[in-house]
Amino acid sequence: MKIAEFVVLDQYADWEGAYLSSQLNQKEDWQVRTASVKPVVKSIGGFTTQIDDLISDVPKHIDLLVLIGGNSWSINDEALYQLVSHSLANEIPVGAICGAVDFLARTGLLTGFKHTGNAQYLWKDDVDYKNPTDFQKVQVVSDRNLVTANGTAALDFTEQVLKMIGSSAKEIAMGVELHKLGFYAYTTKYGNPY
């Protein structure tokens, strides 16, 4: 069973991971888990979430690490830094959206990767952000084992992460286009999904 570990901090943006987690959770060979720095967190939308794993307990071998944005990524947490650093260095697929990309910039973990985020000017004082010329003004960027996205790109983020982990083009289109096209345009193109 493949493990997708979603890192959600207090005040996480619940909509940013919903499409991706629901797509993965419907696969027979994937298990979706949540991780955070404390056992219970609350989303921006008011959902209280019981966490599966504390950051320090996430196994070294996972198949996907997803960092969901929100309002708490100014965090300084060594275990979180080590988890992301280990994943990137060991070619484990990593997806980061919205405020989570700010964490990567601030901690130097974007170094060597083409990337995007909410706004590059937010990182101007981050001394460990070393590669501003690799920033791209687009919704989502995929570079090797890292997908980055801004906070308005939940569907594009889902699509690129699914592509990174080897989902088929048809599977991605059918899972993402339902939400991009809407039900009636989707059924015209693909038939009724239900």
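Since we're looking at a predicted model, the values are computed, not measured. (Residues numbered from 1 in each chain as written. Predicted model: local features only at pLDDT ≥ 70, side-chain atom pairs only at ≥ 80, totals over all residues. Heavy atoms only, no water.)

**Here's the deal with the sheet that holds strand E8 (residues 140–143)**
Pairing between the strands of a sheet comes from backbone hydrogen bonds, and it takes one of two forms, parallel or antiparallel.
At step 1: What the 7 strands build is an open sheet, ordered E5-E2-E1-E6-E7-E9-E8; its pairing is mixed. If you trace the sheet from one side to the other, it starts and ends with strand E5 (53–54) and E8, each paired once.
At step 2: For E8 and strand E9 (residues 146–149), the ladder comprises 4 bridges, and the chain directions are antiparallel. Note on E9: the bridge partner recorded for Val140 is Ala149.
At step 3: Packing against the sheet, helix H1 (residues 14–25) makes contact with strand E1 (2–7), strand E2 (30–36), strand E6 (64–67) and strand E7 (94–97), and its axis sits at approximately 165° to E1.
At step 4: Lying over the sheet, helix H3 (residues 99–106) contacts E6, E7 and E9, oriented at roughly 110° with respect to E7. (Pairing = 2+ DSSP bridges. Helix = DSSP H or I, 4+ residues; strand = E, 2+ residues; numbered from the N terminus. Contact = heavy atoms within 4.5 Å. Axes fitted to C-alpha atoms, helices over the stretch in contact; angles between N-to-C directions.)

**Notes on empty space enclosed by the protein**
Over the atoms rolls a probe the size of a water molecule, and its path tells where empty space is left.
At step 1: Counted under the stated rule, the structure contains 1 cavity of 30 Å³ or more.
At step 2: Counted as a void, the largest cavity has a volume near 30 Å³.
At step 3: Forming the walls of the largest cavity are Tyr19, Ser22, Gln23, Leu155, Thr158, Gly175, Val176 and His179.
At step 4: Residue assignment for the lining of the largest cavity shows that the elements contributing at least two residues are H1, helix H4 (154–164) and helix H5 (169–181).
At step 5: Across the lining of the largest cavity, the residue classes tally to 3 nonpolar, 5 polar and no charged. (1 Å grid on protein atoms, 1.4 Å probe; cavity = no way out; pocket = protein on both sides within 12 Å on 5 of 7 lines; lining within 4 Å. Points joined across faces, edges and corners; volume = space filled by probe spheres on them. Nonpolar A, V, L, I, M, F, W, Y, C, P; charged D, E, K, R; others polar.)

**Considering the confidence of the model for the chain**
At step 1: Residues of the chain with pLDDT of at least 70 account for 100%, and the chain-wide mean is 96.
At step 2: By mean pLDDT, H5 is the weakest element of the chain at 90, and E9 is the strongest at 99. (pLDDT = per-residue confidence, 0-100.)

**Topic: the pattern of salt bridges**
At step 1: Summed over the entire model, instances satisfying the criterion amount to 8 salt bridges.
At step 2: The closest approach of N and O atoms between Asp10 and Lys38, which form a salt bridge, is 2.5 Å. In this pair, Asp10 is assigned in the loop between E1 and H1 and Lys38 in the loop between E2 and strand E3 (40–42), connecting sequence segments 28 residues apart.
At step 3: Where Glu159 meets Lys180, a salt bridge forms, and the shortest distance between an N and an O atom there is 3.0 Å. Of this pair, Glu159 sits in helix H4 while Lys180 sits in helix H5, and the two are 21 residues apart along the sequence.
At step 4: Each member of the salt-bridge network shares a partner with another, and the members are Asp156, Glu159 and Lys180. (Salt bridge = Lys/Arg side-chain N within 4 Å of Asp/Glu carboxyl O.)

**Looking at a nonpolar patch on the surface**
At step 1: A cluster of nonpolar side chains, contributed by Phe183, Tyr184 and Tyr194, occupies part of the molecular surface with about 440 Å² of accessible area.
At step 2: Looking at the secondary structure, you find Tyr184 in helix H6 (residues 183–190).
At step 3: Assessed through its relative accessible area of 66%, Tyr184 is described here as exposed. (Patch = residues over 30% accessible without salt bridge, like charges linked within 9 Å, V, L, I, M, F, W, Y side chains within 5 Å. Areas by Shrake-Rupley, 256 points an atom, 1.4 Å probe, with all protein chains shown as cover. Buried < 20%, exposed > 50% of the residue type's maximum accessible area, 1.4 Å probe, protein only.)

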